[in-house]
Amino acid sequence: MDGLATNILYIAGICGGLVTIGGFVAKMTKPHTDLKDRVEKLERVVNANHIQLDKDFESFKQQETVNSILLEGMSHLLKHGVDGNHTKQMAACADKIDHFMLEKGASLK
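About the cut-offs
- Residues numbered from 1 in each chain as written.
- Predicted model: local features only at pLDDT ≥ 70, side-chain atom pairs only at ≥ 80, totals over all residues.
- Heavy atoms only, no water.
- Axes fitted to C-alpha atoms, helices over the stretch in contact; angles between N-to-C directions.
- Helix = DSSP H or I, 4+ residues; strand = E, 2+ residues; numbered from the N terminus.
- Parallel < 35°, antiparallel > 145°, perpendicular 65-115°, else oblique.
- Left-handed = near helix turned anticlockwise from the far one by under 90°.
- Contact = heavy atoms within 4.5 Å.
- Nonpolar A, V, L, I, M, F, W, Y, C, P; charged D, E, K, R; others polar.
- Buried < 20%, exposed > 50% of the residue type's maximum accessible area, 1.4 Å probe, protein only.

(A) Spatial organisation of the packing of helix α1 (residues 2-83) against helix α2 (residues 87-104). It is at 9 Å that the axes of α1 and α2 come closest, and there the two elements cross at 155°. Our classification of the angle between α1 and α2 gives roughly antiparallel. Between α1 and α2 the crossing geometry is left-handed. Counted together, Gln62, Thr65, Val66, Ile69, Glu72, Gly73, His76, Leu77 and His80 of α1 and Thr87, Gln89, Met90, Cys93, Lys96, Ile97, Phe100 and Lys104 of α2 form the full contact between these two elements. Among the residues forming the contact of α1 with α2, the class breakdown is seven nonpolar, seven polar and three charged.

Structure, rendered in structure tokens:
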């Protein structure tokens, strides 16, 4: 019986050591897995924001084009009001505005 108790204690000691080593390994790898999960979550957020920023950039480019055309038209109108000329440029600018509105007017935001 003495030998059996010794063997049981020996096996229990080995099991306890394995559990301790397993707990140690789990504690050592937890920061890595937590950081990995956090980085993956942040990457998903960044990708979603990147898509939205691309849409916003496109919208800003369209607004820039609209502003440029409108400023050109205002310039021709002012010049026409001052000296009565520039009717050809006004007609060309009106065509530009019409073309832009027909091409992209529905997609302006």
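Let us keep going from here.
(B) Fine view of the environment of Glu58. Relative to the elements of secondary structure, Glu58 occurs in helix α1. Accessibility expressed as a relative area gives 46% for Glu58, which makes it partly exposed. Between the C-alpha atoms of Glu58 and Ala5, which are 53 residues apart in sequence, the distance is 78 Å.

(C) Here's a closer look at the environment of Val45. Here Val45 is to be found in helix α1. Val45 sits in the partly exposed class, given a relative accessible area of 41%. With 11 residues separating them in the primary sequence, Val45 and Asp34 have C-alpha atoms 17 Å apart.

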